[in-house]
Amino acid sequence: MNAGRAKQILESPKEIEVHYRGNPIWIQQVDETGNTARIYSKGEPENEMTVNVTLLDEV
């Protein structure tokens, strides 16, 4: 995925499923300059992390 698409998903009124390493996640914030996203696991919302958007997969 690229940063532009991650930002579209974040701003979308629809729920779009995204996975990080096979696990469903929510995108919390996108940094287009750094090409990163702040994400958290749907199953573990307290487990936030910043990852490169290329590691995110739209399902």
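Before going into details, it helps to say that this report is about the structure given with it. Per chain, residues are indexed from 1 in the order of the written sequence. Predicted model: local features are reported for residues with pLDDT of at least 70 only, side-chain atom pairs are reported and counted for 80 or more only, and whole-chain, interface and lining totals are derived from all residues. Values reported for side chains reflect all heavy atoms of the structure, with hydrogen atoms and water molecules removed beforehand.

1. Quick notes on the sheet that holds strand β4 (residues 48-52)
Across a sheet, strands are paired by hydrogen bonds formed along the backbone, either parallel or antiparallel in direction. Spatially, five strands are ordered β4-β3-β2-β1-β5 in an open sheet, and the strand pairing comes out antiparallel. The two strands at the open ends of the sheet, each matched to only one other strand, are β4 and β5 (56-58). Along the sheet, successive strands turn relative to each other by an average axial angle of 45 degrees, direction set aside. Strand pairing is assigned whenever DSSP identifies at least 2 bridges connecting the two strands. The numbering of helices and of strands both runs from the N terminus, where a helix is a DSSP run of H or I of at least 4 residues and a strand a run of E of at least 2. Looking at chain direction, strand β1 (residues 18-20) and β5 are connected through three bridges and run antiparallel. Within β5, the position partnered with V18 by the bridge is E58. Contacts are assigned to residue pairs that have any heavy atoms within 4.5 Å of one another. Axes, fitted as lines to C-alpha atoms, cover a helix only where it is in contact. Angles between the N-to-C directions of the axes lie from 0 to 180 degrees. Set on the sheet, helix α1 (residues 3-11) makes contact with β1, β2 (23-31) and β5; between it and β2 the angle comes to about 105 degrees.

2. Topic: unusual backbone geometry
One non-glycine residue, R21, adopts positive backbone phi at about 55 degrees. Tracing the backbone through its elements, the reader meets R21 in the loop between β1 and β2. Phi is positive for N35, close to 60 degrees, though the residue is something other than glycine. Positionally, N35 belongs in the loop between β2 and β3 (36-41).

3. Points about the environment of E44
In this fold, E44 is placed in the loop between β3 and β4. Sequence spacing of E44 and A6 is 38 residues, and the spatial spacing of their C-alpha atoms is 20 Å.

4. Considerations on the pairing of β2
Looking at chain direction, β1 and β2 are connected through three bridges and run antiparallel. By the bridge assignment, Y20 is partnered in β2 with N23. Hairpin connection from β1 to β2: two residues lie between these consecutive antiparallel strands, with R21 at a positive phi of about 55 degrees.

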